[in-house]
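Examination of the molecular architecture
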Amino acid sequence: MKDMKDLGFETRCVHGAYKAGSAGPQNLPIVQSTTYRYYNAQDVAELFDLDSPNPMYARLGSPTVDAFEQKMALLEGGTAGMAASSGQAANLISLLNICEAGDHVLSGTNIYGGTYNLFNVTLRKLGIDVEFFDQDMPLEDIVALQRPNTRALFGETLGNPALSVLDLEKFAAAAAQMKVPFIVDNTLATPALCRPIEYGANIVTHSTTKFADGHGTSIGGCVIEGGNFDWTVKNDDGSLKFPSMAAPDESYHGLNFYEKFGDAAFCTRLKAVLIRDLGCTMAPMNAYLTHQGLQTLDVRMERHVKNANAVAEFLSNHPMVDWIIYPGLEGDKYYDLAQKYMPKGAGAVMSFGVKGGRAAGEKFLENLELCSIVVHVGDIHTSVLHPASTTHRQLSEEAQLAAGIDPGLIRLSVGLETPEDIIADLSQALDKVK
Ligand SMILES: *Cc1c(COP(=O)(O)O)cnc(C)c1O
């Protein structure tokens, strides 16, 4: 049989990476133990020197979490994965792995509200200056934003909730010219619809809370490394641009992560330093449940997309709907980019405005019977939300508009119910707004 990474996507969903031994459990076991037993000091010393991949203490990983990370890496086509306690933690540690106070990061504006706050408020307090820019501007203009202390370029494949499609090849080219990694949050697209590493991304992040889990059971995140970035790149003065990756680390007896771990260096350091120090570990139960969800990712995404297309078609023709944004709809601003990067479908999240603005939007929500009002997307249940009064309420109206949030915007994540039933519910709620 071929190597698991060379098998089809569907096969990797079902079989990667856990494999039962003879008479072993077919399903990934939940290893609910905080610690692991050893019988001599030498074996434990090897763990602390990062000479052994064996488990030691649950903050630093467990067999269940390891299997989940390996599956995520297999699905994204990466060389390694590192789980985190949430999507927020995944994005945070992906930057802290290579940035420190005094560094500069470039980020597209059309990103998740939680990530925007993390970047704009909390990272700023830590001395990391995140500069936001219009992600649709030309390559040269992005590169022109570079500063000597720029350390990463960040964007979301499918912006949540702006639903902008990132031009992955443009971002990869800009990052390559700046000699910094291109980090992309692939939560809303999922590897079933788009694998950014194939277009030159270096690091992929996820909130696995959404489609990866898919059943609304577990908060979680993951960082996947492409194994395609040279961490020895230098600044103009000849010093290392990424000393955390390619210079000796004093907390590990002078170990050089890139030299020792090569194309798994980024994730190894995430675990050995950031998960160790910050403690944002994924719990084994959450890893198990999310792994369970990933086994059906491909079939679920296919159906999510089919239902979303039907719902988008209905909404776009409805007299009470002012506007709709769904990159899978012909005529959408991002339709061509979606066709290019997500030929199997532009995901299942869309946004639209009900005629009558904010008040009408709220009335529409109140009249829904089947669709659920929840702070969530990527679930088997069709989910709706009004971002201006919920997820993005901490942002000023100006910042909301910059992130693509109109005050009357309704975000809809189309689930796996019978499409006619979803449409009937939306239809009766829209009728009551008139
Ligand atoms: C939800 C989300 C996050 C944050 O993830 P949590 O698991 O809620 O911490 C980050 N990025 C995107 C695109 C998201 O949708």
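Residues numbered from 1 in each chain as written. Predicted model: local features only at pLDDT ≥ 70, side-chain atom pairs only at ≥ 80, totals over all residues. Heavy atoms only, no water.

1. Some thoughts on the environment of Met 56
In this structure, Met 56 sits in the loop between helix 2 (41-48) and helix 3 (63-76). You can call Met 56 buried: its relative accessible area is 18%. In sequence terms Met 56 and Tyr 36 are 20 residues apart; their C-alpha atoms lie 5.4 Å from each other. (Helix = DSSP H or I, 4+ residues; strand = E, 2+ residues; numbered from the N terminus. Buried < 20%, exposed > 50% of the residue type's maximum accessible area, 1.4 Å probe, protein only.)

2. Regarding the packing of helix 4 (residues 87-96) against helix 5 (residues 113-125)
Running from N to C, helix 4 and helix 5 cross one another at 45°; their axes reach a closest spacing of 10 Å. Taken together, the axes of helix 4 and helix 5 are oblique relative to one another. Along this stretch, helix 4 crosses helix 5, giving a crossing that reads as right-handed. Along its contact with helix 4, which presents Gln 88, Asn 91, Leu 92, Leu 95 and Leu 96, the element helix 5 presents Gly 114, Thr 115, Leu 118, Phe 119 and Leu 123. Class assignment of the residues belonging to the contact of helix 4 with helix 5 gives a composition of 6 nonpolar, 4 polar and no charged. (Axes fitted to C-alpha atoms, helices over the stretch in contact; angles between N-to-C directions. Parallel < 35°, antiparallel > 145°, perpendicular 65-115°, else oblique. Left-handed = near helix turned anticlockwise from the far one by under 90°. Contact = heavy atoms within 4.5 Å. Nonpolar A, V, L, I, M, F, W, Y, C, P; charged D, E, K, R; others polar.)

3. Some words on empty space enclosed by the protein
Counted according to the given criterion, the structure contains 1 cavity of 30 Å³ or more. Approximately 40 Å³ is the volume attributed to the largest cavity. Lining the largest cavity, in full, are Thr 187, Thr 190, Pro 191, His 206, Ser 207, Lys 210, Phe 211, Ala 212 and Leu 297. Within the residue set of the lining of the largest cavity, elements represented by two or more residues are helix 8 (190-193) and strand 6 (203-207). (1 Å grid on protein atoms, 1.4 Å probe; cavity = no way out; pocket = protein on both sides within 12 Å on 5 of 7 lines; lining within 4 Å. Points joined across faces, edges and corners; volume = space filled by probe spheres on them.)

4. With respect to the sheet that holds strand 4 (residues 150-156)
Across the sheet, which stays open at both edges, the 7 strands sit in the order 1-7-6-5-4-2-3 with mixed pairing between neighbours. The outermost strands of the open sheet, each flanked by one partner alone, are strand 1 (80-84) and strand 3 (129-133). With strand direction ignored, the average angle separating the axes of adjacent strands in the sheet is 20°. Pairing between strand 2 (residues 104-108) and strand 4: 4 bridges, direction parallel. Paired with His 104 across the two strands is Thr 150, which belongs to strand 4. Contacts from helix 4 reach strand 1, strand 2, strand 4, strand 5 (182-185), strand 6 and strand 7 (221-225) within the one sheet, and its direction differs from that of strand 6 by about 155°. Lying over the sheet, helix 5 contacts strand 2, strand 3 and strand 4, oriented at roughly 145° with respect to strand 3. (Pairing = 2+ DSSP bridges.)

5. Remarks on the site of the ligand
In the vicinity of the ligand, 15 residues are found, and the nearest of them are Asn 160, Asp 185, Ser 207, Thr 209 and Lys 210. Asn 160 is positioned such that a nitrogen or oxygen atom in its side chain is 2.8 Å from an oxygen atom of the ligand. The side chain of Asp 185 places a nitrogen or oxygen atom 2.7 Å from a nitrogen atom of the ligand. Burial of the ligand by the protein amounts to 94% of the accessible area it has alone, namely 380 Å². Here the shell around the ligand gets 3 residues from one element, more than from any other, and that element is helix 4. Across the shell around the ligand, the residue classes break down as 2 nonpolar, 10 polar and 3 charged. (Near = heavy atom within 4 Å. Polar contact = N/O pair within 3.5 Å; in protein donor to acceptor, adjacent residues only side chain to side chain. Areas by Shrake-Rupley, 256 points an atom, 1.4 Å probe, with all protein chains shown as cover.)

6. Considerations on the nonpolar core
Ranked by internal contacts, the top residues of the largest apolar core, which has 126 residues, are Leu 153, Leu 315, Met 350, Phe 364 and Leu 426. Lining this core are residues from two domains, each supplying at least three of them: domain 1 (4-294) and domain 2 (298-431). Excluding residues within four positions of it along the chain, Leu 315 makes contact with Val 321, Ile 324, Met 350, Phe 352, Leu 412, Leu 426 and Leu 430. (Core = buried A, V, L, I, M, F, W, Y, C linked by side-chain atoms within 4.5 Å. Domains from an automatic or database assignment.)

7. Thoughts on helix 12 (residues 284-294)
Counting buried residues along helix 12, 8 of its 11 residues qualify, which places the element largely inside the surrounding structure. Of the positions making up helix 12, those classed as buried are Pro 284, Asn 286, Ala 287, Tyr 288, Thr 290, His 291, Gly 293 and Leu 294. Looking at the buried residues of helix 12, the elements they touch are helix 1 (9-15), helix 3 and helix 13 (297-316).

8. Focus on the domain arrangement of the protein
Taken as a whole, the protein is organised into domain 1 (4-294) and domain 2 (298-431). With 40 residues of domain 1 at the contact, the number on the domain 2 side is 38 residues. The largest share of the area that domain 1 buries against domain 2 comes from Leu 163, Leu 193 and Phe 211, three residues that together contribute 24% of it. Where domain 1 touches domain 2, the interface holds 2 salt bridges. (Buried area = accessible area lost by both parts, 1.4 Å probe. Salt bridge = Lys/Arg side-chain N within 4 Å of Asp/Glu carboxyl O.)

9. Observations concerning unusual backbone geometry
The bulk of non-glycine residues show a negative phi, and the bulk of peptide bonds are trans. For the bond running from Gly 16 to Ala 17, omega is -15°, close enough to zero to count as cis. Relative to the helices and strands, Ala 17 is located in the loop between helix 1 and helix 2. With omega at 5°, the peptide bond leading from Asn 160 into Pro 161 counts as cis. Tracing the chain through its elements places Pro 161 in the loop between strand 4 and helix 7 (168-178).

10. Overview of the pairing of strand 2
With 5 of 5 residues buried, strand 2 lies mostly within the body of the structure. Here strand 2 shows two buried faces, one formed by His 104, Leu 106 and Gly 108 and the other by Val 105 and Ser 107. In terms of handedness, the path from strand 2 via helix 5 over to strand 3 forms a crossover that is right-handed. (Right-handed = clockwise from strand over helix to strand, strands pointing away.)

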